[in-house]
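Chain by chain, the residues:
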Amino acid sequence: MLNWYKPLADRMRPNDLEQFFGQEEIVGPKAMLRRAIESDAIPSMILWGPPGSGKTTLAFIIAQKTGSDFKQLSAVGSGLKDLREIIKGAEENQRLGKRTILFIDEIHRWNKAQQDALLPSVERGVLTLIGATTENPSFEVRGALLSRCRVFVLKQLTSVQIEKIITHAINDTEKGLGKKKIKIDDKAKSLLAEMSNGDARNALNVLEYASGLSKKITLEKIKEAFQKSHLLYDKNGEEHYNIISALHKSMRGSDANASLYWLTRMLVAGEDPLYIARRITRFASEDIGLANSRALEQAVSAFQACHLIGMPECGVILAQAVVYMAKCPKSNALDKAYASAMQDVEKFGNLPVPLHIRNAPTKLMKNLGYGKDYKYSPDYNYKEKQIYLPEELKTREYLE
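Our subject in this report is the structure included herewith. (Residues numbered from 1 in each chain as written. Predicted model: local features only at pLDDT ≥ 70, side-chain atom pairs only at ≥ 80, totals over all residues. Heavy atoms only, no water.)

1. Some details on the packing of aromatic side chains
Put simply, the test is: Ring pairs are drawn from Phe, Tyr and Trp, using the six-membered ring of Trp, whenever the two centres fall within 6.5 Å, and their geometry is named by plane angle: stacked under 30 degrees, edge-to-face over 60, tilted for the rest. Charge over a ring is defined by NZ of Lys or CZ of Arg lying within 6 Å of the ring centre and within 35 degrees of the ring normal.
Within this structure, the stated rule accounts for one aromatic pair. Both rings, one in Y261 and one in W262, keep their centres 4.8 Å apart while their planes meet at 70°; by these two values the pair is edge-to-face. When the ring centre of Y370 is taken as reference, the NZ or CZ atom of R358 above it lies at 5.0 Å.

2. Some details on the sheet that holds strand β2 (residues 69-74)
Whenever strands of a sheet pair, they do so through backbone hydrogen bonds, lying parallel or antiparallel. Threshold: Here the rule is simple: two strands pair whenever DSSP picks up at least two bridges between them. Helix and strand labels come from DSSP, where a helix needs a run of H or I of at least four residues and a strand needs a run of E of at least two; each type is numbered from the N terminus. Lines fitted to C-alpha atoms define the axes, with helix axes restricted to the stretch in contact, and inter-axis angles between N-to-C directions lie between 0 and 180 degrees. Only heavy atoms matter for contacts: two residues are in contact if any of them lie within 4.5 Å across the pair.
An order of β2-β3-β4-β1-β5 is seen for the five strands of this open sheet, with the pairing classed as parallel. Since the sheet does not close on itself, it has two edges, and those belong to β2 and β5 (150-153), each with one partner. The sheet shows a mean angle of 15° between the axes of neighbouring strands, direction not considered. When β2 meets strand β3 (residues 100-105), the two strands line up parallel, connected through six bridges. Along β3, the bridge assignment pairs Q72 with F103. Its contacts with the sheet place helix α5 (residues 80-95) against β2 and β3, and it is angled at close to 170° to β2.

3. Considering the environment of N15
Assignment of secondary structure puts N15 in the loop between α1 (8-11) and α2 (24-27). For the pair N15 and I61, spaced 46 residues apart in sequence, the C-alpha separation works out to 5.3 Å.

4. Details of the pairing of strand β4 (residues 128-133)
We apply this condition: Residue exposure (1.4 Å probe, protein chains only): buried if accessible area is under 20% of the type maximum, exposed if over 50%, otherwise partly exposed. A crossover gets the label right-handed when its path from the first strand over the helix to the second runs clockwise, viewed with the strands pointing away from the viewer.
Across the six residues of β4, six count as buried, placing the element largely inside the fold. Residues T128, I130 and A132 point to one face of β4 and L129, G131 and T133 to the other, with burial holding for every one of them. Pairing analysis gives four bridges linking strand β1 (residues 45-48) to β4, with the strands arranged parallel. The residue bridging W48 from the neighbouring strand is T133, located in β4. The pairing of β3 with β4 spans five bridges and is classified as parallel. If you follow I104 over to β4, its bridge partner there is G131. Handedness of the crossover joining β3 and β4 through helix α6 (residues 112-123): right-handed.

5. A few points about the pattern of salt bridges
Going by this rule: Whenever Lys or Arg places a side-chain nitrogen within 4 Å of a carboxyl oxygen from Asp or Glu, that contact is recorded as a salt bridge.
Per the stated rule, a full pass over the model turns up 20 salt bridges. The partner of R142 in a salt bridge is D116, and the shortest N-O contact between them spans 3.1 Å. Placement of R142 in the loop between α7 (137-140) and α8 (143-146) and of D116 in helix α6 is noted, with a sequence separation of 26 residues between them. The exposure class of R142 is partly exposed, given its relative accessible area of 33%. With relative accessibility at 26%, the residue D116 sits in the partly exposed group.

6. A look at a nonpolar patch on the surface
Put simply, the rule is: Patch membership requires over 30% relative accessible area and the absence of a salt bridge. Like charges are linked within 9 Å, and nonpolar side chains (Val, Leu, Ile, Met, Phe, Trp, Tyr) within 5 Å. Residue-level accessible areas treat just the shown protein chains as cover; the underlying method is Shrake-Rupley with a 1.4 Å probe.
Judged by side-chain polarity, F139, L308 and I309 come together as a nonpolar surface patch covering roughly 270 Å² of accessible area. When you line up the elements, L308 lands in helix α16 (residues 294-309). Judged by its relative accessible area of 42%, L308 falls in the partly exposed class.

Purely geometric stuff here, so don't read any function into it on its own.
Rendered as structure tokens:
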């Protein structure tokens, strides 16, 4: 019997692949994983994808379809004791000729010792592992374990796919909101899909909240529901560009407090930390440049740290980066010089390299004058008088 106290997102999990939206590359009609699921011959695998992309749902479908003994653990609340109990049962199943499938949600949260304890059972075929993770398995899953698994990458769901999921939930009378006779206009549905950022669970949670406010779901009701769940923020909309502009201008204006505020607004609203890190890296050269060449090092280090550990841990790293940028001395001389050089390249096209600074690896090239009369800088204590620009630009000075 269906438990109506469960969240809508949990109730709407499909029982088969026909009701599964998205991820056609890995579960489409001719995809290997689909054939493996349908024939109940799945390999050990890691499902890697963003939140709400269908990792747990795929595992749920496999649980419904398989004739194997299906076990499930959450890496957050389980440990070695739980794993040893499952392995013990799996060994008994193996003796009886039955397979055991173990699904571990958020497997990246298990430490080295826990993952190492899993390896022998996977290696000997005692267990078939399905691990789900939002983190890059190359960094978060032990190499020996990863080499024994197939990695399937789930993509962020598109707005069109999210809209299909929303429509299905509204119309479904058995598990969804069909009996409530909810009405939602196209603009509200489109906004809900876009603001869910590819996360089907998020979309259904907001839909459920909005349906509790009114049977007629409008644009305003969706905005209200999102504001209750998290800050209103559309990654592809005007506010996205307004806030990143505010962050950039605050750093340029050396206002560390404003910079920190706008950064926090973006992170709390769910912005990709790597997007912010890329913008900070660009800022380090565009607005600071040679006034403090260490700024670029700070920015690149922040990007790498964000890539390695993700949110929420990397939030304070980005905070360090934006405050550092705001407090740095500023200069846009490098950015202006690069723009001037770009104008010359576009205006003059492919000007020839002066003969004396051309490479001369062959005798023919030397005979043609390549490298002739080149002054080797160390022999002149780096004070030689020599032209390095094309003839047409020999007096050009990009940097003042």
